[in-house]
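Remarks on the overall topology
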Amino acid sequence: MPLVSVVMPVFNSAATLGAAVRSVLTQTHSDLELLITDDQSSDGSIDLLREFAKQDERVLPESAPQRGGAGRARNLAMERARGDYIAFLDSDDMWLPEKTEKQLAFAAEGDAPLTFTSYFKMDADYDGESTDWVPNGRVIRARERVDYRAMLIQDHIGALTAMYDRNILGTRLMPEMRKRQDYALWLSIMRGGADARGLAEPLAVYRAHQAGSLSSNKLSLVPYNWELYREHEHLSVPRATRALAGAVWQSLRNSRI
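Rules and cut-offs
Here the residue index of a chain counts from 1 through its sequence in written order. Only residues with pLDDT of at least 70 get local features here, since the model is predicted, and only at 80 or more are side-chain atom pairs given and counted; chain-wide, interface and lining totals rely on the full set of residues. Each side-chain value is derived from all of the structure's non-hydrogen atoms; neither hydrogens nor water enter the calculation. We count a stretch as a helix when DSSP gives it H or I for four or more residues in a row; a strand needs E for two or more, and each element gets its number in order from the N terminus. Here's how the labels work: a residue is buried when its accessible area is under 20% of the maximum for its type, exposed when over 50%, partly exposed in between, all with a 1.4 Å probe on protein chains only. The criterion used for residue contact is that any of the two residues' heavy atoms lie within 4.5 Å. Per-residue and other accessible areas were derived by the Shrake-Rupley procedure at a 1.4 Å probe size, with only the shown protein chains allowed to occlude residues. When DSSP locates at least two bridges between a pair of strands, those strands are taken to pair. The definition of a right-handed crossover adopted here requires that, viewed with the strands pointing away, the path from the first strand over the helix to the second runs clockwise. Two N or O atoms form a polar contact when they lie within 3.5 Å of each other; inside protein one atom must be a possible hydrogen donor and the other a possible acceptor, and for residues adjacent in sequence the pair counts only when both atoms belong to side chains. In this scheme Phe, Tyr and Trp rings, the latter by its six-membered ring, pair at centre separations within 6.5 Å, and the angle between planes marks the pair as stacked below 30 degrees, edge-to-face above 60, and tilted otherwise. A ring is considered to have a charge above it if a Lys NZ or an Arg CZ atom is located within 6 Å of its centre and within 35 degrees of its normal.

1. Some points on the overall build of the chain
In terms of helices and strands, the chain carries 10 helices and 10 strands. A burial count over the chain gives 51% of its 257 residues as buried. Looking at the chain alone, contacts between residues at least 24 apart form 80% of all its contacts between residues at least 6 apart. As displayed, the chain offers around 12,100 Å² of accessible surface, 48% of which is attributable to carbon and sulfur atoms.

2. Some points on the pairing of strand β10 (residues 196–208)
Working note: regular strand, side chains alternate between the two faces of the sheet. Most of β10 is tucked away: 10 of the 13 residues are buried. Where strand β8 (residues 145–146) meets β10, two bridges bridge the pair, whose relative direction is antiparallel. If you follow Arg145 over to β10, its bridge partner there is Arg197.

3. Here we look at the pairing of strand β2 (residues 32–38)
Burial of β2 is extensive: seven of the seven residues sit out of reach of the surface. Where strand β1 (residues 4–10) meets β2, seven bridges bridge the pair, whose relative direction is parallel. Across the sheet, Met8 pairs through a bridge with Ile36, a residue of β2. As for the winding sense of the linkage, the β-α-β connection from β1 through helix α1 (residues 14–25) to β2 is right-handed.

4. Let's talk about helix α3 (residues 69–78)
In terms of residue burial, α3 counts as a mostly covered element, since seven of its 10 residues are buried. All buried positions along α3 are accounted for by Gly71, Ala73, Arg74, Asn75, Leu76, Ala77 and Met78. In this structure, the buried residues of α3 make contact with β1, β2, β4 (85–88), β9 (163–165) and α7 (181–190).

5. Quick look at unusual backbone geometry
Non-glycine residue Arg180 carries a positive phi angle of around 70°. Note on Arg180: relative accessible area 19%, which makes it buried. One non-glycine residue, His234, lies in positive phi territory at about 55°. Tracing the chain through its elements places His234 in the loop between α9 (222–232) and α10 (237–255).

6. So, the side chain of Thr37
Relative to the helices and strands, Thr37 resides in strand β2. Within the structure, the side chain of Thr37 is placed 3.5 Å from the backbone nitrogen of Ala77, a separation counted as a polar contact. Apart from residues lying up to four places away in sequence, Thr37 is in contact with Met8, Pro9, Val10, Glu62, Ala64, Ala73, Leu76, Ala77 and Arg80.

7. Details of the packing of aromatic side chains
For any pair of aromatic rings, geometry is given as the distance between the ring centres together with the angle between the planes. In the structure shown here, the tally under the stated rule is three aromatic pairs. Ring centres of Phe88 and Trp186 lie 5.6 Å apart, and the angle between their planes is 70°; this geometry places the pair in the edge-to-face category. Note that Phe88 is positioned in strand β4 and Trp186 in helix α7, a separation of 98 residues in sequence. Centroid distance Tyr119 to Tyr206: 6.1 Å. Interplanar angle 75°. Geometry classified as edge-to-face. Remark: Tyr206 occurs in strand β10 and Tyr119 occurs in strand β6 (residues 114–123); sequence separation between them is 87 residues. A relative accessible area of 30% means that Tyr206 is categorised as partly exposed. Chaining the aromatic ring pairs together yields one cluster made of Phe88, Tyr164 and Trp186. A cation over an aromatic ring shows up here: Arg67 above the ring of Phe11, its NZ or CZ 4.0 Å from the ring centre. Seen from the ring of Trp95, Lys99 lies directly overhead, with NZ or CZ sitting 4.2 Å from the centre.

Here it is in structure tokens:
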């Protein structure tokens, strides 16, 4: 059975952390380690994590030496990974019990080192315990296959569903950008020609925290996308401009759906 290293950054997440951790520990594929980096929380998150670690040796929390943001927290966790696969889950999201088992089987039968799944999008106040959420949640559908060119225009991979094959790719860290670190990682994996494959079944739950309109939130990412295209993907100015225009158009289009 392959070992899966689950990477979780935490910052002041005591209210939602329990549901997230339990969703990992109750996976039907139990051969996993939960690598958590607490990014200098002030709400008791680290104490809660230490209690989980006492109860289950698969929970491996550490405190970041200083605040560094989600990207740095994820990288500190990945640097400790021992698994064959690395998967990601934020501290306010959740997995369905068969997520790891089904995604491992899906990855084994395919030819892509990066896989992802569909997921449910719930309101931020979803308690993580109710059993009637499935028919009420909006499903974000995973594309069957995504290549680098399509990913430049839109990030099609929900980070809470992503998993990459460490035996093929090695340990791939995120650039320490303020935002879009996960998007940058997927692009770096796919840049050499590898596609990402999507599993149609929704296997995770994303809590949506919306401040302001969806379109304004999307437009606020424009400078981070530009940084990503120019500094990390090293696109020429004309190509970066075309990619950015496509990304803005796609974001505005999605906001009306």
